[in-house]
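Chain and residue survey
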Amino acid sequence: MSAVLPAKSLADRLTTLFWRKPKLLLALLITPPLLWLGVIYLGSLAALLLQSFYSIDEFSGMVVPEFTLKTYAELLRPQNYDIILRTLIMSATVTLGSVILAFPIAYYAARYAKGRWKAVFYLGIMLPLWSSYLVKVYAWKLILAKEGILTWAATQTHTNFLLDAALALPGIGGNSLSTSYIGMFLVFTYVWLPFMILPMQASLERVPTSMLEASQDLGATRAQTFRTVIIPLALPGIIAGSIFTFSLTMGDYIIPQIVGNSANFIGMAVYQLQGTAGNTPLAAAFAVIPIVIMLIYLSLAKRAGAFDAL
Amino acid sequence: MPAAVEFRSVSRHFGPSSAPVKAVDSVDLTIAEGAFFAMLGPSGSGKTTCLRLISGFESPTAGEICIFGENVSNTPPHLRNVNTVFQDYALFPHMNVRDNVAYGLMVKGMAKAQRYAKAEEMLALVHLDAYGSRKPGQLSGGQRQRVALARALVNEPKVLLLDEPLGALDLKLREAMQDELKSLQQRLGITFVFVTHDQHEALSMADSLAVFNDGKIAQIGTPAQIYAQPKTRFVADFVGSSNVLPPALTQNLGGPAKWSSLRPESLHLDPSGPLQGTVTSLRYLGSGHRVAITTQGQDIAAILPAGSPLPEPGAQIQLGFAPAALHIMDEV
């Protein structure tokens, strides 16, 4: 009697084993990245969290490895509290600005751009991401500077009064755009905008045309359709994008150094505290703030039903 | 009294005007108030475009569309008193069933208590009273269909448009929904305009129907007229897969030298019948058998009722029919 099945090589035996036990293959594939995620990613985060519960000895400048909430209490000191508030407001404003700027672009790309125009869209969004972050920020500093192209353009078009009016605004104005909060807002929004457009576009693309037609068919005006159908369905994408813009702004320490009036932001504070000041516990405590804020933000968004359409 | 829907030489062309795609090509159509009107045709025949012209999602390239005597050619969809049941139902996934149904009232600014009461009424109409707080994602296909129906009816439209609403349902559910739609239409007295590519559905549900082909209406009539007296070869073939006979064969069978149609179920085994041929295939249909023969180079199908004696494939048989069954077509 001849064998029905051909002789098995080692490779055949292996594929057979994986075919019979698919979970084994899955385990083999997923263990290395899980280890990476667990040890290096979450592990270092836990170490950070732990550090934030230590304190620093004020005389020796040494870290005291004993559990205390003293470091967190320090966050409430006026100068530290100001940093947190300033960063929070800037992050929220940048996120809002990004949403407003990104929506028409994402909507056009999702609904109308076809074929070649879609490729142009993706290229247009991604291209700025390919060049160095520092180059872009310095380029913006030149654009926004007092001798920069914006001032020049305003002079040429006799719209200086607009620029001056913006700079005269209390709190957010300043000597020139590059040394004001307005300038910082512009740079942040520019740098993080792609991270808002892409998830927004992806969520808008999943809204079938028939759903918009159904809304119209039932008597809704365009504005009503926008408010009651498009926005709720795009909300998961907006939230995803805002997670990027919000957390990236919260953690950034370079833009506030280059653009703006050198007021301190969380990222800068962390950088200075763990570097020159050697106050790792306070730096860690500062670093925990964005995490906490993001968690609060997400739970609020979930409670508001932002993920119901998922 | 004006007709519910009237098309006056309506065309809808797509693409460049030098070489347009004529989705709808100078169609004249009158749908009476209270009718259950079906638009039947193969895909790409223009029936769905016609429906979208009524709802306002397409504008005519030429011609006029009137709804109850009012020219609506330039009226946007949200201002037309017609509602649509979409093919994919298009229920809003972020709203529960009650909010979906009440949507049309919500955008009109009706107070919450009032619109919810009306929505519950509509849900009761489609036997979904207990499902108001569910999300569309938690419903079966048939239930979603009913929600879509309730949502479209809540505004009390004068014309309800249905775009292949039963296409996604399985056979049994489809038949149940057919009965239900029909009785709902009779109860409400609303004009229903129904698009389908399923001839059984069109024949069994509609009071009158239009058969579409290539952007034009091939024939309008009652189901019985369309079925028994097809005007063109296309209608004869598309509705009920009739045998379409060329003029020579019609003449051989005692008719004039014109194209004719012969329904498969009007043929029976008859040793002295005029149609003689070789059995080329035999198919079991459940309710009977479909026998195909070739005669004078022409394929002829006959449906033999269950219980009648069956020929062998390859056998020579003769088929007969009542003289009235041969329908002469004046148009080609």
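Predicted, not measured: the structure shown is a model, and the values here were computed from it.

Let us now look at the pairing of strand 14 (residues 275-284) of chain B. Residues and elements named next belong to chain B. Pairing of strand 14 with strand 17 (residues 316-321) involves four bridges; the strand directions are antiparallel. Each bridged residue has a counterpart across the sheet, and for Gly277 the counterpart in strand 17 is Ile317. Across six bridges, strand 14 lies against strand 15 (residues 288-295) in antiparallel orientation. Bridge pairing in strand 15 links Leu282 to Val291. Linking two consecutive strands that pair antiparallel, namely strand 14 and strand 15, is a turn of three residues; a positive phi of about 95° is found at Gly286 within it.

Next up on the list: the sheet that holds strand 4 (residues 62-67) of chain B. Residue and element names in this part refer to chain B. Taking strand neighbours across the sheet as the criterion, the four strands line up as 2-1-4-5 in an open arrangement whose pairing is antiparallel. Looking along the sheet, the strands with just one partner apiece sit at the ends: strand 2 (21-31) and strand 5 (70-71). Pairing between strand 1 (residues 5-14) and strand 2: seven bridges, direction antiparallel. The partner of His13 across the bridge, within strand 2, is Lys22. Sitting on the sheet, helix 1 (residues 47-55) is in contact with strand 1, strand 2 and strand 4, with an inclination near 65° to strand 2.

This next bit is on unusual backbone geometry. Residue and element names in this part refer to chain B. For His127, which is not glycine, the phi torsion reads 60° and is therefore positive. Relative to the helices and strands, His127 resides in the loop between helix 3 (112-125) and helix 4 (141-153). On the neighbour-count criterion, His127 (12 C-beta atoms within 10 Å) is exposed.

Right, let's talk about the interface of chain B and chain A for a bit. Counting residues at the interface gives 18 residues for chain B and 17 residues for chain A. Counting residues per element, the ones that place at least two in the side of chain B that touches chain A are strand 6 (82-85) and helix 2 (97-106) of chain B. Broken down by class, the residue content of the side of chain B that touches chain A amounts to eight nonpolar, seven polar and three charged.

Let's shift gears to the sheet that holds strand 6 of chain B. Residue and element names in this part refer to chain B. Across the sheet, six strands lie side by side as 6-7-8-3-9-10; this open sheet has mixed pairing. If you trace the sheet from one side to the other, it starts and ends with strand 6 and strand 10 (216-221), each paired once. Across the sheet, the mean angle from the axis of one strand to that of its neighbour is 20°, orientation sign disregarded. The pairing of strand 6 with strand 7 (residues 159-163) spans four bridges and is parallel.

The rules behind each value
- Residues numbered from 1 in each chain as written.
- Chains lettered and ligands numbered in written order.
- Predicted model: local features only at pLDDT ≥ 70, side-chain atom pairs only at ≥ 80, totals over all residues.
- Pairing = 2+ DSSP bridges.
- Helix = DSSP H or I, 4+ residues; strand = E, 2+ residues; numbered from the N terminus.
- Contact = placed C-beta atoms within 7 Å.
- Axes fitted to C-alpha atoms, helices over the stretch in contact; angles between N-to-C directions.
- Buried ≥ 20, exposed ≤ 12 C-beta atoms within 10 Å, placed from the backbone.
- Nonpolar A, V, L, I, M, F, W, Y, C, P; charged D, E, K, R; others polar.

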